[in-house]
2 protein chains.
Amino acid sequence: MWRLGIVDDKVISQAVVARLPRYYRYLGELKDSGIERISSQDLSTLMKVTASQIRQDFNNFGGFGQQGYGYNVEYLYNEIAKILGLDKSYNLIIVGAGNLGQALANYVNFERRGFIVKGIFDKNPVLYGKELRGIAVQPVEQIERFVRENDIDIAVLTIPKEGAVKAAELLVRCDIKAIWNFAHVDLNVPEGIVVENVHLSDSLMKLSYGIANQ
Amino acid sequence: MWRLGIVDDKVISQAVVARLPRYYRYLGELKDSGIERISSQDLSTLMKVTASQIRQDFNNFGGFGQQGYGYNVEYLYNEIAKILGLDKSYNLIIVGAGNLGQALANYVNFERRGFIVKGIFDKNPVLYGKELRGIAVQPVEQIERFVRENDIDIAVLTIPKEGAVKAAELLVRCDIKAIWNFAHVDLNVPEGIVVENVHLSDSLMKLSYGIANQ
DNA sequence: ACAATCTTGTTAAATGATTGTCAATTCTTT
DNA sequence: AAAGAATTGACAATCATTTAACAAGATTGT
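These lines cover the structure that appears in this document, whether it is placed above or below. Counting starts from 1 at the beginning of each chain's written sequence and moves along it residue by residue. As a convention, the first chain written is A and the first ligand written is 1, with the rest following in written order. With pLDDT at 70 or above as the cut-off, local features in this predicted model cover only qualifying residues; side-chain atom pairs require 80 or more to be listed or tallied, and sums for whole chains, interfaces and linings still use all residues. Side-chain figures throughout are based on the complete set of non-hydrogen atoms in the structure, without hydrogens or water.

1. A look at the overall build of chain A
How we decide: Secondary structure elements follow DSSP: runs of H or I of four or more residues count as helices, runs of E of two or more count as strands, with numbering from the N terminus. Between buried and exposed lies partly exposed: a residue is buried under 20% and exposed over 50% of the maximum accessible area for its type, with that area taken using a 1.4 Å probe on protein chains only. Per-residue and other accessible areas follow the Shrake-Rupley method at a 1.4 Å probe size, with only the shown protein chains counted as cover for residues. Positive residues here are Lys and Arg, negative ones are Asp and Glu, while His and the chain termini are left out of the count. Here the site of a charge means NZ on Lys, CZ on Arg, CG on Asp, or CD on Glu.
A count of helices and strands for chain A gives 9 helices and 10 strands. Its C-alpha atoms give chain A principal-axis dimensions of roughly 65 × 55 × 35 Å. Within chain A, the fraction of its 214 residues that count as buried is 50%. When the accessible surface of chain A is split by element, carbon and sulfur atoms take 50% of a total near 11200 Å². Averaging the positions of the 24 positive and the 25 negative side-chain charges in chain A gives two centres separated by 3 Å.

Here you go:
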């Protein structure tokens with residue numbers, strides 16, 4: 001059962017996807033320092049992973065290299081960008097204008113990669129109208145209308161866990177494509193909606209495990 | 001070759017350690033709602049992982065359960081806390097008082113888990129003396145003295161990547177135990193010093209991969 | 001143009017992680 | 001007190017990921 005012209009229905013493991021951003025970062029740095037080509041062996045030394053893994057990883061998406069030559073840095077960089085969906089632009093809203101929400105709203109580098117903050121929402125009236133990089137905080141009641149009218153792809157959830165599940169349900173009803181979840185709770189969304197969790201306290205616990213177990 | 005009385009030189013896989021905080025979270029919620037015991041089967045349903053994995057994971061650290069009964073929630077909760085090193089308290093400093101550094105400094109829940117912010121540092125003189133939850137921002141030149149005098153365990157690195165490698169080297173010289181690294185760069189520290197990375201842009205790229213690949 | 005070198009993509013082997021199974025044990029009910 | 005139900009911990013089997021090996025093809029220097 002083939003879909004014509006579509007070859008990429010191979011499932012890529014999460015482990016591979018999780019490594020792509022790091023490849024992308026190193027290739028970007030190589031590109032910026034004027035390096036035109038690199039072999040899996042040299043990249044392996046630089047990144048401290050095996051050359052075999054690098055070749056295996058890239059080959060999940062097709063043959064980007066050339067025998068006897070290696071990989072063209074800029075070409076590979078651009079290909080990985082496409083794989084990661086970084087060749088497109090995304091509209092996002094921030095739900096929760098607390099410290100973390102404000103910090104993310106003020107972080108310029110996301111916009112440079114095509115993640116455009118279109119709206120910021122909070123339930124605290126004190127914050128209404130407060131501007132972060134030219135965008136005024138709005139009441140959460142406006143989310144549904146705003147998402148529908150402004151073609152929002154991603155919601156960044158930076159509210160306490162108590163409200164997060166309800167907020168996620170609302171966002172799902174608004175046909176959001178993805179949720180970047182900073183709330184310390186597991187969201188339960190329907191198939192097809194992407195959830196990427198950033199559980200800072202989990203990360204801190206892993207660190208403390210590291211200290212406690214030498 | 002046995003070290004007397006020390007049984008725990010088995011190496012625990014990163015996959016297992018990474019799951020512990022989530023167990024800890026669910027057990028905490030069960031405890032708070034007054035549940036005294038739970039079987040791996042019920043926990044499995046709740047957390048959407050296999051019961052086998054739960055039992056296997058816990059058994060890495062010893063037999064916490066009882067046949068025919070299951071696991072005592074509070075006991076297991078406390079045992080996992082010990083494994084994660086959450087029964088101890090840690091002193092930390094925040095290096096970089098930008099948006100993210102301030103957001104983390106203001107986040108109260110870390111203190112509740114025993115991670116105590118003792119100092120905040122920045123290289124920008126405009127911020128010197130600015131107080132975050134009663135702690136004044138100091139010049140980065142003070143880090144070395146402060147770490148040594150105040151028994152600091154953890155440094156939270158929330159500065160741009162350009163300065164992060166140098167900062168990490170300084171912190172290593174000060175005998176810091178662990179670095180919680182938010183800078184978008186790989187730190188190279190000697191064996192025995194714990195580094196836990198939070199690469200937000202990597203996380204955002206994984207999300208965008210998810211959108212791009214349905 | 002040729003030989004020596006390099007380097008990929010691919011397949012196979014090795015390692016690691018997850019899931020399934022079941023005997024042994026404890027709990028619960030009658 | 002005995003029988004039946006429940007549930008762990010351990011082991012085995014399966015599945016997934018990583019590493020190694022190498023043939024095929026490209027490059028480089030002479």
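Picking up after the structure, the text goes on.
2. Some words on the sheet that holds strand β4 (residues 90–95) of chain B
Residue and element names in this part refer to chain B. What counts, and what does not: Note on pairing: DSSP must find at least two bridges between two strands before they are called paired. Residues are treated as being in contact if the distance between any of their heavy atoms lies within 4.5 Å. Simply put, an axis is a line fit to the C-alpha atoms, just over the touching stretch for a helix, and the angle between two N-to-C directions goes from 0 to 180 degrees.
Spatial ordering of the open sheet is given by β6-β7-β5-β4-β8-β9-β10, a layout of 7 strands whose pairing is mixed. Only two strands of the sheet have a single neighbouring strand rather than two, namely β6 (131–132) and β10 (194–197). Bridge count for strand β5 (residues 115–122) against strand β7 (residues 135–139) is 3 bridges, and the pairing is parallel. Its bridge partner lying in β7, Asp122 is registered against Pro139. Strands in contact with helix α7 (residues 143–150) are β4, β5 and β7; relative to β4, the strand with the most contacts, it is inclined by about 170 degrees. In this fold helix α8 (residues 161–173) packs onto β4, β8 (154–157) and β9 (178–181), with an angle of close to 170 degrees to the strand it touches most, β8.

3. What to know about unusual backbone geometry
A negative phi angle is the norm for most residues apart from glycine, just as the trans form is the norm for most peptide bonds. A positive phi angle is found at Arg133(B), which is not glycine, with a value near 45 degrees. With respect to the helices and strands, the residue Arg133(B) is situated in the loop between β6 and β7.

4. With respect to the sheet that holds strand β3 (residues 70–72) of chain B
Residue and element names in this part refer to chain B. In spatial order, the strands read β1-β3-β2; together these 3 strands make up an open sheet with antiparallel pairing. Since the sheet does not close on itself, it has two edges, and those belong to β1 (37–38) and β2 (65–66), each with one partner. Relative to β3, β2 is paired through 2 bridges, and the arrangement is antiparallel. Paired with Gly65 across the bridge in β3 is Tyr71. Strand contacts of helix α4 (residues 73–83): β1 and β3, with the helix running at about 70 degrees to β3, the strand carrying the most contacts.

5. Here's the deal with the protein's contact with DNA strand D
Inclusion rule: When at least one non-hydrogen atom of a residue lies within 4 Å of a molecule or strand, that residue is treated as near it. Whenever two N or O atoms come within 3.5 Å, that pair is a polar contact, provided that in protein one can donate a hydrogen and the other can accept it, and provided that, for residues adjacent in sequence, both atoms are side-chain atoms.
Among the 26 residues in the neighbourhood of DNA strand D, the closest are listed as Ser52(A), Gln56(A), Gln67(A), Ser40(B) and Gln67(B). Here the atoms of DNA strand D within 4 Å of the protein split so that 61% fall in sugar or phosphate, with bases taking the remainder. Between DNA strand D and Arg55(A), the relevant distance is 3.2 Å, taken from a base nitrogen to a side-chain nitrogen or oxygen of the residue. Here a base oxygen of DNA strand D sits 2.8 Å away from a polar atom, N or O, in the side chain of Gln67(B). Every element with two or more residues in the surface near DNA strand D is listed here: α3 (51–59) of chain A together with α3 (51–59), β2 and β3 of chain B.

6. Quick notes on the packing of aromatic side chains
Two numbers describe a pair of aromatic rings. These are the distance of the centres and the angle of the planes. Residues and elements named next belong to chain A. Selection rule: Note on ring pairs: Phe, Tyr and Trp rings are taken, using the six-membered ring of Trp, and paired if centres are within 6.5 Å. Classes follow the plane angle, with under 30 degrees stacked, over 60 edge-to-face and the rest tilted. Two conditions define a charge located above a ring, namely a distance within 6 Å from the ring centre to NZ of Lys or CZ of Arg, and an angle within 35 degrees of the ring normal.
The final tally for this structure, using the stated rule, is 18 aromatic pairs over all chains. Both rings, one in Tyr23 and one in Phe58, keep their centres 4.9 Å apart while their planes meet at 65 degrees; by these two values the pair is edge-to-face. Taken together, the residues span a long stretch of sequence, with Tyr23 in helix α1 (residues 14–32) and Phe58 in helix α3 at a distance of 35 residues. Classification of Tyr23 by relative accessible area gives buried; the value is 1%. Among the aromatic residues, those joined into a cluster by ring pairs are Tyr107, Phe110, Trp180 and Phe182. Positioned over the ring face of Tyr69 is Arg37, at 4.3 Å from the centre of the ring.

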